[in-house]
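So the chains spell out like this:
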Amino acid sequence: MKTAKYLVPDDYMADPAVHVFNGKLYIYPSHDWESGKPENDNGDHFDMKDYHVFSTDDIENGGLTDHGVVLDIKDILWAGRQLWDCDVACKNGRYYMYFPLKDKTDIFRIGVAIADKPEGPFIPQSDPVKGSYSIDPCVLEEKGEYYMYFGGLWGGQLQRYRDNKALESAAFPADNEPAIPSRVVKLGSTMLEFAEEPRPVIILDKDGKPLTHGDNKRRFFEASWMHKYNGKFYFSYSTGDTHLLCYAIGDNPYGPFTYQGVILTPVVGWTTHHAIVEYKEKWYLFHHDCVPSNDITWLRSLKVIELEYNADGTIKTIDGGGILR
Ligand code: FUB
């Protein structure tokens, strides 16, 4: 599949998390819709209220099965608003969906919902994960342990925290100071709590120096994803206001990670977000853009394209088809 194809042409789906469970590909997207909320830097226009799950065993030629609404905001006791990018992990035959949601005080927390099958339905816990904050959780399983990566700037509220504590008010570093990092945390054995304090995900340049806040074509903004290739850990993410999907490579789940390059150049639309997964001996980049909605930023459409590596393990950059804004 050398050219990207749209996966759900009759609805707006974004922020794909994708995994292989029981031999099939399962896609867990955000579900965009037109709620009428005005666009602002806080992301109020991303006003999602439920999740669908999709599956397929033939991503090259087949259609997707839509398993319908598997979690609805009205069933989450602590819900305020905005169900953003989720991810799902499997442990001992149970499926745990991690989702960011603003609570009733408009603070993003990360919740968990549980299912017996990868296609749900997912039953939410009555409280968010203790100590959780910000957005965009993604979960890596490594040697029987589960690591959650999370965080996002601006509307994702990560600038409101330092050392896992809420600040009096949001604060950004100076341009020459280290960038605000994504976070990584090992999950506890129940999968319902953190086993430790979240740690910073440090991204270094080739000289071993942490990327700076002013380096906004390379520094982390949101949309963490983690995959393994040839024994290395590939941490990938969006640069937000420069609209790139980038990646950095490390030797273990905690990093540090060394910046490598761009996976996807800007798409049509403000946000860019992705999942990278191997299926039937090919690698795929799942992502989204706003071409079908004529560039309405909050109405995004799911896409997939094959992803290729060079012999040295670097990723071949894919053209997103958008313009640098
Ligand atoms: O879908 C809302 C937000 O937009 C996600 O959480 C971000 O990653 C960006 O895609």
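Scroll up to find the structure this text is about.
Residues numbered from 1 in each chain as written. Predicted model: local features only at pLDDT ≥ 70, side-chain atom pairs only at ≥ 80, totals over all residues. Heavy atoms only, no water.

(A) Spatial organisation of the packing of aromatic side chains. Going through the model one piece at a time under the given rule, you end up with 25 aromatic pairs. The interplanar angle of 75 degrees and the centroid separation of 5.1 Å between the aromatic rings of Phe21 and Tyr95 together place this pair among those described as edge-to-face. Residue Phe21 is located in strand S2 (residues 13-21), and its partner Tyr95 is located in strand S8 (residues 94-103); the two are separated by 74 residues in the primary sequence. Judged by its relative accessible area of 8%, Phe21 is buried. By relative accessible area, which is 5% here, Tyr95 ends up buried. A centroid spacing of 5.7 Å and a plane angle of 35 degrees characterise the contact between Phe235 and Phe257, whose relative ring orientation is tilted. Within this pair, whereas Phe235 is found in strand S19 (residues 232-238), its partner Phe257 is found in strand S21 (residues 257-264), the two being separated by 22 residues in sequence. Pair check on accessibility: Phe235 and Phe257 agree, each one buried. Taken together, the ring pairs connect Tyr149, Phe220, Phe235, Tyr237 and Phe257 into an aromatic cluster. In this arrangement the basic side chain of Lys49 is found over the ring face of Trp33, its NZ or CZ atom lying 4.2 Å from the centre. One Lys or Arg, Arg218, reaches over the ring of Tyr259 and ends 5.2 Å from the middle of that ring. (Phe/Tyr/Trp six-rings, centres within 6.5 Å; stacked < 30°, edge-to-face > 60°. Helix = DSSP H or I, 4+ residues; strand = E, 2+ residues; numbered from the N terminus. Buried < 20%, exposed > 50% of the residue type's maximum accessible area, 1.4 Å probe, protein only. Lys NZ or Arg CZ within 6 Å of the ring centre and 35° of its normal.)

(B) Main features of the site of the ligand. Surrounding the ligand, one finds Asp15, Met48, Trp84, Asp85, Ile135, Asp136, Glu222, Ala223, Thr271, His273, His288 and Arg300. Interatomic distance of 2.5 Å between a side-chain N/O atom of Asp136 and an oxygen atom of the ligand. Arg300 has a polar side-chain atom sitting 2.7 Å from an oxygen atom of the ligand. Protein coverage of the free-state accessible area of the ligand, which is 270 Å², stands at 99%. In terms of residue class, the shell around the ligand is built from four nonpolar, three polar and five charged. (Near = heavy atom within 4 Å. Polar contact = N/O pair within 3.5 Å; in protein donor to acceptor, adjacent residues only side chain to side chain. Areas by Shrake-Rupley, 256 points an atom, 1.4 Å probe, with all protein chains shown as cover. Nonpolar A, V, L, I, M, F, W, Y, C, P; charged D, E, K, R; others polar.)

(C) Broad picture of the sheet that holds strand S5 (residues 65-72). Taken together, the four strands give an open sheet; going across it, the order is S2-S3-S4-S5, and neighbouring strands pair in antiparallel fashion. Edge strands, defined here as strands with exactly one partner in the open sheet, are S2 and S5. Taken pair by pair, the neighbouring strands of this sheet meet at an average axis angle of 25 degrees, ignoring direction. Examined bridge by bridge, strand S4 (residues 50-56) and S5 share five bridges and lie antiparallel to one another. If you follow Tyr51 over to S5, its bridge partner there is Leu71. (Pairing = 2+ DSSP bridges. Axes fitted to C-alpha atoms, helices over the stretch in contact; angles between N-to-C directions.)

(D) Expanded view of the sheet that holds strand S20 (residues 245-250). Spatial ordering of the open sheet is given by S17-S21-S20-S19-S18, a layout of five strands whose pairing is mixed. Two strands bound the open sheet, and with one partner strand each, they are strand S17 (203-204) and strand S18 (222-229). Looking at chain direction, S18 and S19 are connected through six bridges and run antiparallel. Bridge pairing in S19 links Met226 to Phe235.

(E) Summary view of the pairing of S19. Taking burial as the measure, the seven residues of S19 include six buried ones, the bulk of the element. Between S18 and S19, which pair antiparallel one after the other, the connecting turn spans two residues, and Asn230 there sits at a positive phi close to 50 degrees. Pairing analysis gives six bridges linking S19 to S20, with the strands arranged antiparallel. Its bridge partner lying in S20, Phe233 is registered against Gly250.

(F) Examining the environment of Phe99 more closely. When you line up the elements, Phe99 lands in strand S8. Given a relative accessible area of 0%, Phe99 falls into the buried group. Sequence separation between Phe99 and Lys232 is 133 residues, and the spatial gap between their C-alpha atoms is 27 Å. When neighbours within four sequence positions are excluded, Phe99 is seen to be in contact with Tyr51, Leu71, Ile76, Trp78, Leu83, Cys86, Arg109, Ile110, Gly111, Val112, Ala113 and Pro137. (Contact = heavy atoms within 4.5 Å.)

(G) Region of interest: the side chain of Asp136. With respect to the helices and strands, Asp136 occurs in the loop between strand S10 (123-124) and strand S11 (138-142). Of note is the side chain of Asp136, whose polar atom sits 2.8 Å from the backbone nitrogen of Ala223. Among residues more than four places away in sequence, those in contact with Asp136 are Asp85, Pro100, Tyr149, Phe150, Gly151, Glu222, Ala223, Ser224 and His273.

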